[in-house]
Amino acid sequence: MAARIPRVPVREQDPEIRAKNFKEVCLGYSDEEALLEAKRCLNCKKPACMTACPVSVKIPFFIAQVAAGNFAEAAKIIAIDSSLPAICGRVCPQECQCEGSCVMGVKGEPVAIGKLERFVADWSRENNVKFLEKKPFNGKKVAVVGSGPGGLACASDLAKLGYGVTIFEVLHKPGGVLTYGIPEFRLPKDTVVAAEIENVKALGVKIETNVVVGRTITIDDMFDKEGFDAVFIGSGAGLPKFMDIPGENLNGVVSANEFLTRSNLMKAYKEGSRTPIYVGNKVCVVGGGNVAMDAARTALRLGAEVTVVYRRTEKELPARAEEVHHAKEEGIQFRLLTNPVEIVGNEKGWVTGIKCEQMELGEPDASGRRSPVAVPDSHFTIDTDVVIMALGTSPNPLIAQTTPGLERNRKGGIVANEDGVTSREGVFAGGDAVTGAATVILAMGAGKRAAAAIDEYLKNKK
Amino acid sequence: MYRIVRKETLTPIITLMEVEAPRLACAAQPGQFLIVRADEEGERIPLTICDYNREKGTVTIVTQAVGASSKEICALEEGGSFADVAGPLGQPSEFISLPDEELKTMSFVFIAGGLGTAPVYPQAKYFHERGAKVDVIIGAKNADMLILEEEMAKVCDNLHICTDDGSKGYKGLVTAKLEELMAAGAGYTQAVAIGPMIMMKFVTMSAKKFNLPLVVSLNTLMVDGTGMCGACRVTVAGKVRFACVEGPEFNAYDVDFDEAMRRQAMYRTIEVEADHKCKIGRGK
């Protein structure tokens, strides 16, 4: 019977309207819609969705509670494994995790697990249902570097276990990429991000902002001067990458990190913000990941005509399918199989265009993706006022440089195993600081595993 | 948090503030900078560290009121506070890694332009205390625009004041003074220039005539100041470097100043130079 109900579509702002505002695109399920969608779940004995979730949320169990109308109970089940469900429900790449493994997806459409998680999280926030059960303080202190998804997940698990946890955040606002990177229209800052951070703080986690770990205090200071028993480094990705092509330092070329930080953290998209942002009339975004989509859709909302330039085909776009779909609906142009070779400018040093070459797909590379190869004599120029480089990041070397004995890999990331164990005793690490740029949920998974490993380490340590 | 314990008006538009930031004060080294936000809606503004007092847990900053954000900073009162102060940021001066014995053999000349006098102060003090010979050239539009003259005099061997109009000290540019001193056999072994980008560019040309090693401190645009945004990128020796984490100090002879000046003007919010009609490089 379940199979006969089609996947319940989620309501969204109309593309033409939302292209001009920063309000959330997805409007989420109503109670009735959530109940109906939850009934599609087959409650598999061996739930593949749970295995595919980096934090192993007990998916069929919470969905069964939604189907029964017990939303608070559903929230309680999610809270066991995830401290940021309203965030994950919005930004996880469900199509390659839980939903990608859903049996319902074999012949039809998978259960909308992400949208149901979001529904439950939003419902519990709006109805003020909180889960603050924690063990009494056990006398041990843990420092967490970075208040992004990895740090928050690690901190909340440790706080629940009775540890005294302090998060050190370098920026003036907590949240890491949730605050500076992901735009308001995809992840509302006040209603969702701030609220979930408040829940982490309600567990007793302290957050100190404006602390540059490696400069204001070092990892060694945390042990020697500030009395911490263990440290988790979740400092995130670091320095934005550029292409190393001519013209990249022209005025009008910015990294996606800069563009998004101006808009999200500094609120430059709002009238009256004191931080400037420049879009001109035409914007080219180079790259095909989620960050590229976020930058493109932000530029569009700021009034520009936006083109995404990507060197492979649509199939290889690393962004979530939903982001690409939304971007297209909103009117963003995609120039695929297109590789920039030079940025051209005027006599005043401002960008006027981006010179590209046409690509075609060649043989698969080591990662299994077919690598693009340039078509000879295929150069052309796209006129643009601004170029946003969304090519990923390389790790910020600051912490590794200032922490003797902390091993780094060839790419500059901190070397850590699955449990976050590094080459320094008592120092754990996870998320982008270890793996390089990845996703919110993978960082959360790493933070949770490290929390378990820190608990194990401190229990056994005399 | 970040309480302003002392405020002093140095000139009608330049304000000195001593601010509580204990961890920052303990960690600060000459050559580094910090970032402040005046209030909850404020822009992140990078400022050089003018002094630090580890016992009191305070840092001293000097701000010139030119743009909206720097005017807001200058309008804060003694007893009030900043919403945020983060740092220290950037690499300390490379010379602080030298042993004192080696510093004693060195003869520094610091060339400070306008507000650049503030970040020169902790460096001059540091090296002077450790036995290096330290001369300082301060350039200002006129006597009224001169800052930290008395303080600087205490931490150097010779202080040379240059004003555009001759209202104090030498009438002329810091570049002319530097060349005059070098030609007279001052024998400096290391120069450090901090000031407006255009001044540093021309000091580089002057120093080159004497093969005088020169370090400059670049006041580029920044948003986060921690390496995340890349707004501060500069071309140094043909390579793109991030001034916030790899600088702010670089070998002057490797810096592409023209590009740096153009990039600095991108949002037309130059905080330092807007009010100062600098004549370096225009006259001759």
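As the structure is a prediction and not an experimental result, all values here were calculated from the model. (Residues numbered from 1 in each chain as written. Chains lettered and ligands numbered in written order. Predicted model: local features only at pLDDT ≥ 70, side-chain atom pairs only at ≥ 80, totals over all residues. Heavy atoms only, no water.)

Another aspect to go through is the domain arrangement of chain B. Residue and element names in this part refer to chain B. Taken as a whole, chain B is organised into domain 1 (4–89) and domain 2 (94–264). Look at where the C-alpha atoms of domain 1 and domain 2 centre, and you get two points 21 Å apart. For the pair domain 1 and domain 2, the two sides together bury roughly 1,800 Å², of which 69% comes from carbon and sulfur. When the area that domain 1 buries against domain 2 is broken down by residue, the three leading residues are Pro30, Phe33 and Cys50, summing to 26%. Inspection of the region where domain 1 meets domain 2 yields one salt bridge. Note that lysine 125 is salt-bridged to aspartate 51, the shortest N-O span being 3.1 Å. Elements with a contribution of two residues or more to the side of domain 1 that touches domain 2: strand S1 (4–11), strand S2 (14–20), strand S3 (33–37), strand S4 (45–48), strand S5 (51–53) and strand S6 (58–64). For the side of domain 1 that touches domain 2, the leading source of residues is S6, giving three residues. Tallied by class, the residues present in the side of domain 1 that touches domain 2 amount to 13 nonpolar, six polar and two charged. (Domains from an automatic or database assignment. Buried area = accessible area lost by both parts, 1.4 Å probe. Salt bridge = Lys/Arg side-chain N within 4 Å of Asp/Glu carboxyl O. Helix = DSSP H or I, 4+ residues; strand = E, 2+ residues; numbered from the N terminus. Nonpolar A, V, L, I, M, F, W, Y, C, P; charged D, E, K, R; others polar.)

So, on to the sheet that holds strand S4 (residues 164–168) of chain A. Residue and element names in this part refer to chain A. With parallel pairing, the five strands of this open sheet are ordered in space as S5-S4-S3-S6-S18. The open sheet is flanked by strand S5 (206–208) and strand S18 (427–429), the only strands paired with a single partner. Sheet twist, expressed as the mean angle between neighbouring strand axes with direction ignored, is 20 degrees. With three bridges joining them, S4 and S5 adopt parallel strand pairing. Counted as the bridge partner of threonine 166 is lysine 206 from S5. Running over the sheet, helix H18 (residues 440–460) touches strand S3 (141–145), strand S6 (230–233) and S18 and is turned about 170 degrees from S6. (Pairing = 2+ DSSP bridges. Axes fitted to C-alpha atoms, helices over the stretch in contact; angles between N-to-C directions. Contact = heavy atoms within 4.5 Å.)

The subject of this paragraph is the pairing of strand S14 (residues 370–374) of chain A. Every regular strand shows the same layout, with side chains that alternate between the two sheet faces. Residue and element names in this part refer to chain A. Strand direction decides the pairing type here: strand S13 (residues 351–364) and S14, joined by four bridges, are antiparallel. Its bridge partner being in S14, glutamate 360 is matched across the sheet by valine 373. Here S13 folds back onto S14, and the loop between the two strands holds five residues, one of which, glycine 368, carries a positive phi near 90 degrees.

So, on to the environment of glutamate 20 of chain B. Residue and element names in this part refer to chain B. For glutamate 20, the location among the structural elements is in strand S2. Its relative accessible area of 29% is what places glutamate 20 among the partly exposed residues. Residues glutamate 20 and alanine 68, 48 residues apart in the sequence, show an inter-C-alpha distance of 24 Å. (Buried < 20%, exposed > 50% of the residue type's maximum accessible area, 1.4 Å probe, protein only.)

Here the focus is the nonpolar core. Ranked by size, the top nonpolar core spans 71 residues in total, and within it Ile59, Phe62, Ile63, Val66, Leu116 and Ile454 of chain A carry the most contacts. The dominant element in this core, judged by the number of residues it contributes, is H18 of chain A, at nine residues. Mapped onto the domain boundaries, this core takes at least three residues apiece from domain 1 (2–126) and domain 2 (141–238 + 395–460) of chain A. With 56 residues, the next largest nonpolar core counts Cys50, Val62, Leu115 and Ile138 of chain B among its residues. (Core = buried A, V, L, I, M, F, W, Y, C linked by side-chain atoms within 4.5 Å.)

Residue and element names in this part refer to chain A. With seven bridges joining them, strand S12 (residues 338–345) and S13 adopt antiparallel strand pairing. Note that in S13 the partner of asparagine 339 across the bridge is glutamate 357. A loop of five residues connects S12 with S13, the two strands running antiparallel in sequence, and glycine 349 in this loop sits at a positive phi of about 85 degrees. The pairing of S13 with strand S15 (residues 380–383) spans four bridges and is classified as antiparallel. Its bridge partner being in S15, isoleucine 354 is matched across the sheet by isoleucine 382.

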